[in-house]
Amino acid sequence: MEYRLTIDKITPQTKEWTSKVHLIKKPRPRKSKDGKTRFQIVVVQDENEDKVAAVLYGEDIEKDAHKLTPFSTYLISTAKVRIPLPYRVPTNRFEWVIDRFTVVEEVKDDNIQDPPLPPPTRLNTIHFAYLQEQQQNKEFGNHNFTHIIAVVVNCGSIKYDGANSNKCREIIIMDTGMNSFILMLWEDFDDVDGSILAAQVAKYPVIVAKRITRTTYGGLSLSTRYNSVILINPPYPQVGRLQNWVADNRPRLMRYSQQNSSRAALSLVMAPEDNDIVPIANI
């Protein structure tokens, strides 16, 4: 017999279970330090917004790639349940392993009898004003799910930087306090997320950046790392409120974007009104 359970009720001893979950985080696949094991860790949450990490290995990553899409609802049945590996930051006291024996079934939007879960609501963010107080290279997206939410106001072109000339892209992000920072997108974040943001930057997309780091090279900035996640216009209520702010401040954002397109922009304030400009001779 199959039982529908919430995440907190599922342990390694639980048999023949099914859980209805919402996929909220899907970092890119990566390899173990010895290069022998390819794996991917996704995070799902249930109707109570309790979370658990689910791990896929090798061929199972591609097998379920078309199924496991962010902010979709799934019925996951009889995944392997285990204690998290010691070198990982745990999301829950247990983690799931999705393999060829696991059943993953998407809950469609038109399913009236068993509809998808509502969009997530819990999102702890760090205000830009507090970034200066964080430790250098401190990771923000930790097991407490602390994230950065911001508006993308400018998106640079692809370039090569660093000691190894790695591919990267600078984007300028802003909060409602008109605080601005550079966020460096490295390697595949540049290719995938950077390309999408470059195409949408005129609409001022809102991003939630998870597991990013703070750096002070060339001035205070933020940077992606190997297991970062960039969500573009995700369905959080906080994102909706920020999108409303964008609509109310679009003229000022447009002036900012037109005048500032590089790292030097961060030393400037928002573009002034014409009647605020004073000739140098009058100063």
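Looking at an unreviewed UniProt entry, the protein chain carries the name Replication protein A 70 kDa DNA-binding subunit B isoform X3, with the source organism given as Nicotiana tabacum.

J.: How should the overall build of the protein chain be read in this particular structure?
T.: The helix and strand tally for the protein chain stands at four helices and 18 strands. Looking at the protein chain as a whole, 48% of its 283 residues are labelled buried. Within the protein chain, contacts between residues separated by at least 24 positions form 60% of all contacts whose residues are at least 6 apart in sequence. Put simply, the protein chain shows about 15100 Å² of open surface, and 51% of that area lies on carbon and sulfur atoms.

J.: Where do I start with the pairing of strand 2 (residues 17-25) in this structure?
T.: Looking along a regular strand, one sees side chains alternate from face to face of the sheet. With nine of nine residues buried, strand 2 lies mostly within the body of the structure. With five bridges connecting them, strand 2 and strand 6 (residues 73-77) associate as antiparallel partners. Across the sheet, residue Lys 20 finds its bridge partner in strand 6, namely Leu 75.

J.: Teacher, can you tell me more about the packing of aromatic side chains here?
T.: Aromatic ring pairs are defined here through the distance separating the ring centres and the angle between the ring planes. Following the criterion strictly, the structure yields three aromatic pairs and no others. On the basis of an interplanar angle of 90° and a centroid distance of 5.8 Å, the ring pair of Phe 71 and Tyr 236 is categorised as edge-to-face. Taken together, the residues Phe 71 in the loop between helix 1 (59-63) and strand 6 and Tyr 236 in the loop between strand 18 (229-232) and helix 3 (237-248) connect sequence positions 165 residues apart. Taken together, a centroid distance of 5.3 Å and an interplanar angle of 80° make the contact between Phe 128 and Phe 181 edge-to-face. Linking Phe 128 in the loop between strand 10 (124-125) and strand 11 (146-155) with Phe 181 in strand 14 (residues 180-186), this pair joins segments that are 53 residues apart in sequence. The class for Phe 128 is buried, based on a relative accessible area of 3%. One Lys or Arg, Arg 28, reaches over the ring of Phe 189 and ends 4.2 Å from the middle of that ring.

J.: Sorry if this is basic, but what is going on with the environment of Leu 123 here?
T.: Position of Leu 123 among the secondary structure elements: in the loop between strand 9 (103-107) and strand 10. Taking relative accessible area as the criterion, Leu 123 reaches 8% and is therefore assigned buried. If we skip the residues at most four places from it in the chain, Leu 123 touches His 147, Ile 149, Val 208, Tyr 236 and Gln 238.

J.: Is there a simple way to explain unusual backbone geometry in this structure?
T.: Leave glycine aside and you will find that most residues have negative phi; peptide bonds, for their part, are mostly trans. Backbone geometry places Glu 16, a non-glycine residue, at a positive phi of 50°. Within the secondary structure layout, Glu 16 lies in the loop between strand 1 (3-4) and strand 2. Phi is positive for Tyr 204, which is not a glycine, with a value near 55°. Among the structural elements, Tyr 204 can be located in the loop between helix 2 (188-200) and strand 15 (206-210). On the basis of relative accessibility, which here comes to 6%, the residue Tyr 204 falls in the buried class.

J.: Is there a simple way to think about the side chain of Arg 28 in this case?
T.: By the secondary structure assignment, Arg 28 is in the loop between strand 2 and strand 3 (30-31). A polar side-chain atom of Arg 28 sits 3.2 Å from a polar atom in the side chain of Asp 188. Engagement of the side chain of Arg 28 in a polar contact is seen with the side chain of Asp 193, the distance being 2.6 Å. Leave out the neighbours within four places in its chain, and Arg 28 touches Gln 40, Asp 188, Phe 189, Val 192 and Asp 193.

Reading the values: rules and limits
- Residues numbered from 1 in each chain as written.
- Predicted model: local features only at pLDDT ≥ 70, side-chain atom pairs only at ≥ 80, totals over all residues.
- Heavy atoms only, no water.
- Helix = DSSP H or I, 4+ residues; strand = E, 2+ residues; numbered from the N terminus.
- Buried < 20%, exposed > 50% of the residue type's maximum accessible area, 1.4 Å probe, protein only.
- Contact = heavy atoms within 4.5 Å.
- Areas by Shrake-Rupley, 256 points an atom, 1.4 Å probe, with all protein chains shown as cover.
- Pairing = 2+ DSSP bridges.
- Phe/Tyr/Trp six-rings, centres within 6.5 Å; stacked < 30°, edge-to-face > 60°.
- Lys NZ or Arg CZ within 6 Å of the ring centre and 35° of its normal.
- Polar contact = N/O pair within 3.5 Å; in protein donor to acceptor, adjacent residues only side chain to side chain.

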